[in-house]
Amino acid sequence: MVPMEKLVSLCKRRGFLFQSSEIYGGINGFWDYGPLGVELKRNVKDAWWRDMVTGHDDMCQHPGAPSTYEMTGLDCTIIMHPQVWKCSGHYDLFHDYMVDCRETGKRYRHDQVRGRWAESKGQRVFVTTMVEADLEQEEVTRRAMKFFKLRAKDAEKLSWASEFMTLPQIEDASLVLAPDAKELGTLTEPREFNLMFKTFVGALSGEEGTAFLRPETAQGIFVNFKNVLDSTRVRVPFGIAQVGKSFRNEITPRNFTFRSREFEQMEIEFFCHPDSSRDWYQFWRDRRMKWYTSLGLASDRLQLREHDPEELSHYSTGTADIEYAFPFLPPGEFGELEGIAHRGDFDLRSHMEGKLDPTTNPLELEKDANGKPKWRGSGKDLSYRDDLSGERYVPHVIEPSAGADRATLAFLCEAYNEDQAPDENGDMQSRVVMKFHPRLAPIKAAVAPLVKKDGMPEVAQEIYRQLKPHFNVFYDEKGAIGRRYRRQDEAGTPYCITVDGQTMEDGTVTVRDRDSLEQWRVSKDEVAAEIRQRIMES
């Protein structure tokens, strides 16, 4: 796969991604999407929304689905009533473990610190690092050599006593060389760190005005469940979709946009009868996997990992992660793109009754020291009454939760290719080509006159205007045609349309395919329809 430094360089050079506030030195964990990046990410979200909501056929029973179902959407606020996060469990439980280095003052997420046991001069030390996977061995070797005061000629005196491990696997912290430390045993004991961003609503800056930026979009759907039922004609089973920003105060954001502090989620909460919830879980698990492969992610770099029974909450019959082999991960490791979880009735009941204790079976309210509910729910009835059978129940929930930024990053990684293609003189030259699925490509077609004379620009502009109402189209008349093709290859544009001398004779234009490099001629009056059809059928 593509080395990450090449992809990061391309993203900056061609305007896919920039570090936020870069002119001031940047701010870690925040990224801005450039002119091409914003179109790519928008296309990812639009493809998700169309496939899941607007393009969904309510009348058709999809393969593998227990029945027909309906889909609808919401757009909820980023700041919600603080009680939402207390009843959902985020206020008490939404945390990571962090460690601090007493020598450098730096802070690390406990499970992200990796290293290897190194031995030399009769001493054994766990040498750690936070660099990317492909640089880990080089970095721990450099640090071990420096710690043991070894020169390059003495490299054979250093031996490795393990493969790479994470910090939680190490029992004796006194033997750990922290990622930026010179001395051993400088890391503190792990402690909890709440990931929610705190803010204040109104003029009050005390505890009474405290609120939080949402760490997920799902809770806005749960608290609006009754509103959707009362304002629409949906019947269980049905799903509510939402795309929106979420915020998590990650201790050590890393791996480009994979782990950021501000990100976008694409989530569905699917409400169904408890008796059919396991079948619906299987349906959504398989359907969401197909979505990624249908848009071009290679099946050998994609996996569906079912959680082991010991990983599951007792109220859940299944959770699966769709994972992708990102190039910044060690060989054989995968990073999560999406989780599909069977959540039972945990969320709706929590917002009805109060914070539930997930360790109880059956679920019971979590009590405070005085035996009273720790966090009270809304008291609103969030059950569902089937108007045909008369049955009343609290629906179970299946939650497919995808990251828009992670999906965009996966499509960027998958699209990057280097190959050979002829230039304008027919000589083979290396090229970088972003092989996006046409539905996701930021620019669908580029229109170019071969030269800026003989009426060619006027014809090219006419074709450009025919396509523009339907797609994002680029007009380019600067430079040799071969260089213009290369620019569009790097942008991932699937089709280039060239107006040349033959156009002025018979009214046909050259269409070039980005991936196969095939070229064919089409009437200038029909080229817009052909490009539209090819993209729609892709």
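Summary of the structure given here.

Counted under the stated rule, the structure contains one cavity of 30 Å³ or more. Put simply, the largest cavity is a space of about 50 Å³. Sorting the residues of the lining of the largest cavity by element identifies strand E26 (445–449) and helix H12 (481–491) as the ones contributing at least two each. If you tally residues by element for the lining of the largest cavity, the top one is H12, at four residues. Here the residues of the lining of the largest cavity are counted per class, giving five nonpolar, one polar and two charged.

Interaxial distance between helix H2 (residues 35–54) and helix H10 (residues 404–415) falls to 10 Å at its minimum, and their mutual angle equals 115 degrees. Between H2 and H10, the interaxial angle falls into the category roughly perpendicular. Relative to H10, H2 is oriented so that their crossing is right-handed. From H2, Leu40, Lys41, Val44 and Lys45 reach across to H10, where they touch Ala404, Asp405, Ala407, Thr408, Phe411 and Leu412. Taken together, the residues of the contact of H2 with H10 break down into six nonpolar, one polar and three charged.

What follows is about the packing of aromatic side chains. Summed over the entire model, instances satisfying the criterion amount to 27 aromatic pairs. Here the aromatic rings of Tyr91 and Phe212 are separated by 5.9 Å at their centres, their planes lie at 70 degrees, and the arrangement is edge-to-face. Residue Tyr91 is located in helix H4 (residues 90–93), and its partner Phe212 is located in strand E13 (residues 210–212); the two are separated by 121 residues in the primary sequence. On the accessibility criterion, Tyr91 (29% relative accessible area) is partly exposed. Accessibility expressed as a relative area gives 7% for Phe212, which makes it buried. An aromatic cluster is built from Tyr69, Phe270, Trp280, Phe283 and Trp284, whose rings are joined through pairwise contacts. Lying over the aromatic face of Tyr91, Lys86 brings its terminal NZ or CZ to 5.2 Å of the ring centre. The residue whose ring lies beneath Arg124 is Trp117, and the NZ or CZ to ring-centre distance is 4.0 Å.

Attention now goes to the sheet that holds strand E14 (residues 238–247). Overall, mixed pairing links the seven strands, which are arranged E3-E14-E15-E23-E18-E17-E16 in an open sheet. Sheet topology places strand E3 (70–73) and strand E16 (302–306) at the edges, where each strand pairs with a single neighbour. Strand-to-strand twist of the sheet, defined as the mean angle between neighbouring strand axes without regard to direction, takes the value 20 degrees. When strand E15 (residues 262–272) meets strand E23 (residues 396–403), the two strands line up antiparallel, connected through six bridges. By the bridge assignment for E23, Glu267 is matched with Ser401. Along the sheet, helix H8 (residues 277–294) makes contact with E3, E15, E16, strand E17 (319–324), strand E18 (335–344) and E23, crossing E18 at roughly 165 degrees.

Here we come to the layout of surface pockets. Quantified by volume, the second largest pocket comes out at close to 380 Å³. As for the second largest pocket, its lining consists of Asn43, Asp46, Ala47, Arg50, Asp51, Arg439, Lys444, His470, Phe471, Ile535 and Met536. Sorting the residues of the lining of the second largest pocket by element identifies H2 and helix H14 (527–537) as the ones contributing at least two each. No other element matches the five residues that H2 contributes to the lining of the second largest pocket. Residues of the lining of the second largest pocket, tallied by class, amount to four nonpolar, two polar and five charged.

Cut-offs used in this document
- Residues numbered from 1 in each chain as written.
- Predicted model: local features only at pLDDT ≥ 70, side-chain atom pairs only at ≥ 80, totals over all residues.
- Heavy atoms only, no water.
- 1 Å grid on protein atoms, 1.4 Å probe; cavity = no way out; pocket = protein on both sides within 12 Å on 5 of 7 lines; lining within 4 Å.
- Points joined across faces, edges and corners; volume = space filled by probe spheres on them.
- Helix = DSSP H or I, 4+ residues; strand = E, 2+ residues; numbered from the N terminus.
- Nonpolar A, V, L, I, M, F, W, Y, C, P; charged D, E, K, R; others polar.
- Axes fitted to C-alpha atoms, helices over the stretch in contact; angles between N-to-C directions.
- Parallel < 35°, antiparallel > 145°, perpendicular 65-115°, else oblique.
- Left-handed = near helix turned anticlockwise from the far one by under 90°.
- Contact = heavy atoms within 4.5 Å.
- Phe/Tyr/Trp six-rings, centres within 6.5 Å; stacked < 30°, edge-to-face > 60°.
- Buried < 20%, exposed > 50% of the residue type's maximum accessible area, 1.4 Å probe, protein only.
- Lys NZ or Arg CZ within 6 Å of the ring centre and 35° of its normal.
- Pairing = 2+ DSSP bridges.

Shape descriptors only; they carry no functional weight alone.
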